[in-house]
Amino acid sequence: WRPSRGPGYELDEILGLAGSDRMTIPAPLLEKLASSDEEVTPTLDVESALKCNEELVANGFMDEKEFRYALNSDVCGTEKLTEGLNAFISETTKLEEVIVNKVRAASKQTA
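Keep in mind the model is a prediction, meaning the values are calculated, not measured.

## With respect to the overall build of the protein
In terms of helices and strands, the protein carries five helices and zero strands. Taking 2.2 N^0.38 as the reference for a compact globule, 111 residues should give roughly 13 Å; the C-alpha atoms of the protein span a radius of gyration of 20 Å, well beyond that estimate. Along the first, second and third principal axes, the C-alpha atoms of the protein reach 65 × 40 × 25 Å. The buried share of the protein, reckoned over its 111 residues, is 9%. Within the structure as shown, the protein displays about 9,700 Å² of accessible surface, and the carbon and sulfur contribution to it stands at 57%. Computed over 12 positive and 21 negative side-chain charges, the inter-centroid distance for the protein is 10 Å.

## Quick word on the pattern of salt bridges
Taken as a whole and judged by the stated rule, the model has four salt bridges. A salt bridge links glutamate 10 to lysine 32; the shortest N-O distance between them is 3.8 Å. Separated by 22 residues along the polypeptide, glutamate 10 in helix H1 (residues 10-16) and lysine 32 in helix H2 (residues 27-35) bring together distant segments of the chain.

## Considering the environment of glycine 16
Here glycine 16 is to be found in helix H1. Sequence separation between glycine 16 and leucine 44 is 28 residues; the distance between their C-alpha atoms is 8.3 Å. The residues contacting glycine 16, other than those within four sequence positions of it, are Thr43 and Leu44.

## Examining the packing of helix H4 (residues 64-73) against helix H5 (residues 75-110)
Between H4 and H5, the shortest axis-to-axis distance is 5 Å and the interhelical angle comes to 95°. Here H5 runs roughly perpendicular to H4, going by the angle between their axes. Mapping the contact onto sequence places Leu71, Asn72 and Ser73 in H4 and Val75, Gly77, Thr78 and Leu81 in H5.

## Some details on unusual backbone geometry
Positive phi is not limited to glycine here, since alanine 58 has a value of about 55°. In this structure alanine 58 comes out as partly exposed when scored by relative accessible area, which is 36%.

## Brief notes about the confidence of the model for the protein
In this model, the protein carries a mean pLDDT of 87, and residues with pLDDT of at least 70 account for 96%. The element-level mean pLDDT for the protein is lowest in H1, coming to 85, with H4 highest at 93.

## Some words on the environment of valine 98
Note on placement: valine 98 falls in helix H5. Accessibility expressed as a relative area gives 41% for valine 98, which makes it partly exposed. Sequence-wise, valine 98 and glycine 19 are 79 residues apart; in three dimensions their C-alpha atoms are separated by 31 Å.

Basis of the calculations
Residues numbered from 1 in each chain as written. Predicted model: local features only at pLDDT ≥ 70, side-chain atom pairs only at ≥ 80, totals over all residues. Heavy atoms only, no water. Helix = DSSP H or I, 4+ residues; strand = E, 2+ residues; numbered from the N terminus. Rg over C-alpha atoms; globule rule 2.2 N^0.38 Å. Buried < 20%, exposed > 50% of the residue type's maximum accessible area, 1.4 Å probe, protein only. Areas by Shrake-Rupley, 256 points an atom, 1.4 Å probe, with all protein chains shown as cover. Lys, Arg positive; Asp, Glu negative; His and termini not counted. Charge placed at Lys NZ, Arg CZ, Asp CG, Glu CD. Salt bridge = Lys/Arg side-chain N within 4 Å of Asp/Glu carboxyl O. Contact = heavy atoms within 4.5 Å. Axes fitted to C-alpha atoms, helices over the stretch in contact; angles between N-to-C directions. Parallel < 35°, antiparallel > 145°, perpendicular 65-115°, else oblique. pLDDT = per-residue confidence, 0-100.

What follows is the structure in structure tokens.
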């Protein structure tokens, strides 16, 4: 998790996304959330979305070709998506290495 506004704003951004279906949050930030006194109030929900008066992108319908064109036209969005995916892949690789090493160590102890 890399806060877009820099260090110190990690929880603000996580709390701002409360209500999203899935979010990957690193363990240290989960610990910060657990020890925080701030109330977690879902800000993203279906009712709020239905009340929104903003115009829907592509009238709410967009095929893959249109989506890819729009994403590629948004340089910042494309770079942030790439940055996030690369960070996630890097952390996944590290986690896999830790798991493999633990399994190998456990196998040596039982052998």
